[in-house]
Amino acid sequence: VQLQASGGGLVQAGGSLRLSCVASGLTFSRYDMGWFRQASGKEREFVAAITWYGGSTLYGDSVKGRFTLSRDNAKNTVYLQMNSLKPEDTAVYYCAGQSGSFYYTSHKSYDYWGQGTQVTVSS
């Protein structure tokens, strides 16, 4: 199983980025997908999750209203659209996949992880 995250970079506050995560080696359409982030010196934080069929999404309080998570099961890909970025959004962003747990916000629920992509927001 491989999750390949991309799309990170350096952006000014107020700007936008779109992260992508392409999955291989698993039946993607059967997996709930999530994004977590980890800033330097801090614990891993839940960002967003989407159910396997794409019918439900869940967001962390700090990104609600600014980030949008979607998926394309035909392309084995999830997308995290990040708008109105703030310096406090600076972190390494990880995509993850899980099947069978309803604890979408806990990193412990996720079976597979991508390598992470750095997002840096300058003030």
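Heads up: the structure comes first, above all this text.
The rules behind the values
Going along each chain's sequence as written, the residues are numbered from 1 onward. Selection of residues for local features in this predicted model requires a pLDDT of at least 70, selection of side-chain atom pairs for listing and counting requires 80 or more, and totals for whole chains, interfaces and linings are taken over all residues. By convention in this description, side-chain values take in all heavy atoms of the structure and omit both hydrogens and water. Two strands qualify as a pair provided that DSSP identifies no fewer than 2 bridges between them. Helix and strand definitions here come from DSSP, where helices need a minimum of 4 consecutive H or I residues and strands a minimum of 2 consecutive E residues; each element is numbered from the N-terminal end. Only the stretch in contact is used when fitting a helix axis, every axis being a line fitted to C-alpha atoms; angles between N-to-C directions are given from 0 to 180 degrees. Note on terminology: disulfide denotes any pair of cysteine sulfur atoms within 2.5 Å. Categorising residues by exposure relies on relative accessible area from a 1.4 Å probe, with only protein chains included: less than 20% of the type maximum marks a residue as buried, more than 50% marks it as exposed, and the intermediate range marks it as partly exposed.

J.: Just to check I follow, could you spell out the sheet that holds strand β3 (residues 17–24) for this structure?
T.: Neighbouring strands of a sheet are bound in pairs by backbone hydrogen bonds; such pairs are parallel or else antiparallel. An order of β1-β3-β8-β7 is seen for the four strands of this open sheet, with the pairing classed as antiparallel. Of all strands in the sheet, those with a lone pairing partner are β1 (2–6) and β7 (67–72), marking the two edges. Direction aside, neighbouring strands of the sheet carry axes that sit 15 degrees apart on average. Sheet analysis places β1 next to β3, joined by five bridges and oriented antiparallel.

J.: Please clarify how the state of the cysteines should be interpreted in this entry.
T.: Covalently bonding the sulfur atom of one cysteine to the sulfur atom of another cysteine gives a disulfide. Applying the stated criterion to the full structure yields one disulfide. In this model, C21 is linked to C95 through a disulfide, with the two sulfur atoms separated by 2.1 Å. Linking C21 and C95, the disulfide has an S-S dihedral of approximately 55 degrees and is accordingly described as right-handed. Taken together, the residues span a long stretch of sequence, with C21 in strand β3 and C95 in strand β9 (residues 91–98) at a distance of 74 residues. On the accessibility criterion, C21 (0% relative accessible area) is buried. For C95, a relative accessible area of 0% puts it in the buried group.

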